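Survey of secondary and tertiary structure
Residues per chain are reported as follows:
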Amino acid sequence: DFRPGAAGNIATEMLAKSPPDGYALIAAAFAHAVNPSLYSKLPFNAEKDFAPILMFASVANLLVAHPSLPVRGVKDLIALAKSKPEQLTVGSAGAGTSSHLSGELMKMMGGIKLTHVPYKGLAPAHVDTIGGQLSLLFDGIITGVPAAKSGRLRALGVTTARRWQGAPDIPAIGESLPGFEVNSWYGLLAPTGTPRDIIQRINAETARGLKEPDARERFNSFGAEPLANTPEEFGAFIQNEMAKWAKVVKAAGIKVE
């Protein structure tokens, strides 16, 4: 049941009000852990109204630069940005998105100042970075890697803790900026009160399906790494993500209404 809008909040509210019988689930994403900090009011409690089942995918963003920018890696970028405060621009898919918050986290951890330019989606930001209207972009992995391989953009690093298997020659940003990690994750949630045996059954069956070669191939085709963890591990991960991004959102003064 596709219910787009409000960074996933419309669909999430629908799930929160659904019977906890195991037939109502949501494919939650990165925004689930960020929205409580971005929005002053939500029609649900992101911590208490949902039961985690498992995280099933991890997706990296790719930091790219226009080839005219005299940088070859993240250390070069940080040095250049410190010498030119707010002169470098970084695009994003919009306020509060993973591409935006990746930039804010880099600013905070690297002690640099970049000028954020929000777009309505990654596609126009990608085009403007290639055209030289933007200095930098935390691009999608599937669009960024081909553009880097063709020389239209320069890849500086992936946002996940480990290098992406589809382009192992591109370093992780955390290799130059220790502790940096942005994981555009996806996972299954059920309404709070869903019986434990149902949670465990869905977890086990989903994890089994993710091991199938055709499933892994499909995930890899759009830049995702299939994963599987326990409900407890996924719950702890969400808690850590909420705390992490609350600090970044507060430091950057971001609000979305």
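Calculation rules
Residues numbered from 1 in each chain as written. Predicted model: local features only at pLDDT ≥ 70, side-chain atom pairs only at ≥ 80, totals over all residues. Heavy atoms only, no water. Helix = DSSP H or I, 4+ residues; strand = E, 2+ residues; numbered from the N terminus. pLDDT = per-residue confidence, 0-100. Axes fitted to C-alpha atoms, helices over the stretch in contact; angles between N-to-C directions. Parallel < 35°, antiparallel > 145°, perpendicular 65-115°, else oblique. Left-handed = near helix turned anticlockwise from the far one by under 90°. Contact = heavy atoms within 4.5 Å. Nonpolar A, V, L, I, M, F, W, Y, C, P; charged D, E, K, R; others polar. Phe/Tyr/Trp six-rings, centres within 6.5 Å; stacked < 30°, edge-to-face > 60°. Buried < 20%, exposed > 50% of the residue type's maximum accessible area, 1.4 Å probe, protein only. Pairing = 2+ DSSP bridges. Polar contact = N/O pair within 3.5 Å; in protein donor to acceptor, adjacent residues only side chain to side chain. Expected span 1.5 Å × (residues − 1). Arc of directions from axis to C-beta.

**Regarding unusual backbone geometry**
One non-glycine residue, E86, lies in the positive phi region at around 65°. Relative to the helices and strands, E86 is located in the loop between α3 (74–83) and β4 (89–92).

**So, the confidence of the model for the chain**
For the chain, mean pLDDT is 94; residues scoring 70 or higher make up 98% of the total. Per-element mean pLDDT across the chain ranges from 88 in helix α1 (residues 9–16) up to 98 in strand β7 (residues 154–158).

**Some words on the packing of helix α2 (residues 31–38) against helix α9 (residues 231–252)**
Two numbers describe how α2 lies on α9: the axes approach to 8 Å, and their chain directions differ by 40°. What the angle tells us is that α2 and α9 run oblique. As for the relative orientation of α2 and α9, their crossing is right-handed in sense. Packed against α2, whose contacting residues are H32, A33, V34, P36, S37 and L38, the element α9 presents I238, E241, M242, W245, A246 and V249 at the interface. Taken together, the residues of the contact of α2 with α9 break down into 9 nonpolar, 2 polar and 1 charged.

**Quick word on the packing of aromatic side chains**
Here the structure, examined in full by the defined rule, presents 7 aromatic pairs. Ring geometry for F138 and F180: centres 6.5 Å apart, planes at 20°, overall stacked. Of this pair, F138 sits in strand β6 (residues 136–140) while F180 sits in the loop between β7 and β8 (186–191), and the two are 42 residues apart along the sequence. The buried category is assigned to F138, whose relative accessible area is 1%. Judged by centre distance (5.6 Å) and plane angle (35°), the ring pair of F219 and F222 falls under tilted. Exposure remark for F222: the relative accessible area of 42% places this residue in the partly exposed category. Put simply, the rings of F56, F219 and F222 touch in pairs and so form one group of aromatic residues.

**Quick word on the pairing of strand β2 (residues 50–59)**
Counting buried positions along β2 gives 9 out of 10 residues, so the element sits mostly inside the fold. Where β2 and β8 come together, 6 bridges link them in antiparallel fashion. Note on β8: the bridge partner recorded for A57 is Y186. Here β2 runs beside strand β9 (residues 224–226); their pairing, made up of 3 bridges, is antiparallel.

**Focus on the environment of R154**
Within the fold, R154 resides in strand β7. Judged by relative accessible area, R154 falls into the buried class, the value being 16%. Distance from R154 to F50, taken between C-alpha atoms, is 41 Å for residues 104 residues apart in sequence. Polar side-chain contacts of R154 include one of 2.8 Å to the backbone oxygen of L69.

**Description of α9**
An ideal rise of 1.5 Å per residue puts 32 Å on 22 residues; α9 measures up with 31 Å between its terminal C-alpha atoms. Where α9 is concerned, the buried positions are P231, F234, G235, I238, E241, M242, W245, V248 and V249. When α9 is viewed along its axis, its buried side chains cluster within an angular range of 155° and face the same direction. Across α9 from its buried face, at more than 90 degrees, point the exposed residues N240, K247, K250 and A251. Elements that come into contact with the buried residues of α9 comprise α2, β2, α4 (98–110), β8 and α7 (196–210). Remark: G253 follows α9 within two positions and exhibits a positive phi of approximately 65°.

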